[in-house]
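Architecture and fold: a report
What follows is the residue order along each chain.
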Amino acid sequence: MDAGSPAPTAFVHPTAEVEDGAEVGAGTKIWHVAHIRSGARIGAGCNIGRNVYVDAGVSIGDLVKVQNNVSVYVGVTLEDEVFVGPSAVFTNDLRPRAQNPDWVVTPTVVRRGASIGANATIVCGTEIGQYALVAAGSVVTRDVQPHQVVAGNPARHLGWVNRRGDIVSREAEKPAADILEEH
């Protein structure tokens, strides 16, 4: 990928805007009315849905799927193979005010293979662990462990999933690593 431009094999819908200085990896598809800001980096083989906004400085790994109507603001990092469902929300300000000269971005990281359901809200300053699953409509206010399933408002522990996303336990205690790593 050339720094600051879409790869030759990337697809950018004619209604999408990819600003100069944005990086878009090989085989990535950017759909209707998406907006990718200068300084954003999107990896290879991604699918960026309709009306998605990717802010300057955002890093999105390879093979990521961001569904329609998601805004990925500065301070958010999506690692490889992350799924973000329709209309999920990321925040980046712990103390939002219209006027704040001391505003500081509070980072959020979504680790490899994690899935975030439709209409979930991820409050900034949290980390979603590898292969974790955030249920649709959840409000995540604290870190989610690798392979953990959370749901509700605020999101609470519901169980554990393997790499495929199959529920392998509803217990509070994390199962053995070999169970979680099943493909």
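See the structure above.
Figured I'd write up the structure that's included with this text. (Residues numbered from 1 in each chain as written. Predicted model: local features only at pLDDT ≥ 70, side-chain atom pairs only at ≥ 80, totals over all residues. Heavy atoms only, no water.)

A few words on the sheet that holds strand β9 (residues 59-60). If you trace the six strands from one edge of the open sheet to the other, you get β3-β6-β9-β12-β15-β18, paired in parallel fashion. A single partner strand is all that each edge strand has here, and the edge strands are β3 (23-24) and β18 (127-128). By the bridge criterion, two bridges tie strand β15 (residues 108-110) to β18 in an arrangement that is parallel. Residue pairing for β18: Val 110 is matched across the bridge by Ile 128. (Pairing = 2+ DSSP bridges. Helix = DSSP H or I, 4+ residues; strand = E, 2+ residues; numbered from the N terminus.)

Turning next to the pattern of salt bridges. In this structure the tally under the stated criterion is eight salt bridges. Two residues, Arg 112 and Glu 81, come together in a salt bridge whose shortest N-O distance is 3.1 Å. With Arg 112 in the loop between β15 and β16 (115-116) and Glu 81 in the loop between β12 (76-78) and β13 (83-84), the pair connects residues that are 31 residues apart, well separated along the chain. Close ionic contact of Arg 163 with Glu 181 constitutes a salt bridge, the shortest N to O distance being 3.3 Å. Separated by 18 residues along the polypeptide, Arg 163 in the loop between β22 (156-161) and β23 (167-169) and Glu 181 in the segment after α1 (177-180) bring together distant segments of the chain. Residue Glu 181 is classed as partly exposed on the basis of its relative accessible area of 34%. Bridged by salt links that share partners, the residues Glu 19, Arg 37 and Asp 55 form one connected network. (Salt bridge = Lys/Arg side-chain N within 4 Å of Asp/Glu carboxyl O. Buried < 20%, exposed > 50% of the residue type's maximum accessible area, 1.4 Å probe, protein only.)

With respect to the secondary-structure elements, Asp 55 resides in the loop between β8 (53-54) and β9. Assessed through its relative accessible area of 11%, Asp 55 is described here as buried. At 3.0 Å, the side chain of Asp 55 forms a polar contact with the side chain of Tyr 53. Not counting chain neighbours up to four residues away, the residues in contact with Asp 55 comprise Arg 37, Ala 40, Val 72, Tyr 73 and Val 74. (Polar contact = N/O pair within 3.5 Å; in protein donor to acceptor, adjacent residues only side chain to side chain. Contact = heavy atoms within 4.5 Å.)

By themselves these figures say nothing about function.
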